[in-house]
Amino acid sequence: AGLAVDGTMQLVPLIVYFLSQNLCQQEFVVKLVPEKFRGWIPAIAALLSFVIASKYQSANAGKATDGLIGKPAPDFEITLAGKATSLQELVKEKSLPMIIDLYRNF
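Each residue is numbered by its place in its chain's sequence as written, counting from 1. Local features in this predicted model are restricted to residues whose pLDDT is 70 or higher, and side-chain atom pairs enter the listing and the counts only when it is 80 or higher, whereas totals over whole chains, interfaces and linings include all residues. The side-chain values count all of the structure's non-hydrogen atoms but skip hydrogen atoms and water molecules.

### Structural notes on the confidence of the model for the chain
Convention followed: The predictor reports its confidence for every residue as pLDDT, a score running from 0 up to 100. Strands here mean DSSP runs of E at least two residues long; helices mean DSSP runs of H or I at least four residues long; both are numbered from the N terminus.
In the predicted model, the chain carries a mean pLDDT of 83, and the fraction of residues at 70 or more is 92%. Considering each helix and strand of the chain separately, the mean pLDDT is smallest for helix α1 (residues 2-6), with a value of 46, and largest for helix α2 (residues 12-23), with 92.

If you want it as structure tokens, here you go:
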């Protein structure tokens, strides 16, 4: 779960690509695999590692969010239209289901 949380799983295909590229230059691989196929090995290995890493991240994301479904959101303070309020106050005031999208532009 640590790899999925901190984002290093996204680097796995890149690492696999460069490692397999280096492996394809080794003498035993040069002798075994024709040149026209050696160029494809890093790309195919990176694609496979991307698919596997994506599946791994999806599985871990599901495990992390399963415990949150159906639970109340943690309360936090926010200023809307110059008025300081909290999430719980907004929920009581509106008395409707709410969806909060916390968007961060990088």
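Having seen it, we continue.
### Things to note about unusual backbone geometry
We apply this condition: Only protein chains enter the area calculation, which uses a 1.4 Å probe; residues under 20% of their type maximum are buried, those over 50% are exposed, and those in between are partly exposed.
A positive phi angle, close to 55°, is found at Ala81, a residue other than glycine. Looking at the element boundaries, Ala81 is found in the loop between β1 (77-80) and β2 (83-86). Given the relative accessible area of 90%, Ala81 is considered exposed.

### Some thoughts on a nonpolar patch on the surface
The following threshold applies: Residues form patches when they are more than 30% accessible in relative terms and have no salt bridge. Like charges link within 9 Å. Nonpolar side chains (Val, Leu, Ile, Met, Phe, Trp, Tyr) link within 5 Å. All accessibility values rest on the Shrake-Rupley procedure with a 1.4 Å probe; residue burial counts only the protein chains present in the view. By definition here, a salt bridge exists when the distance from a side-chain nitrogen of Lys or Arg to a carboxyl oxygen of Asp or Glu is within 4 Å.
A cluster of nonpolar side chains, namely Leu11, Leu14, Ile15, Phe18 and Leu19, defines an oily patch on the protein surface of about 510 Å² accessible area. The residue Leu19 is located in helix α2 in this model. By relative accessible area, which is 58% here, Leu19 ends up exposed.

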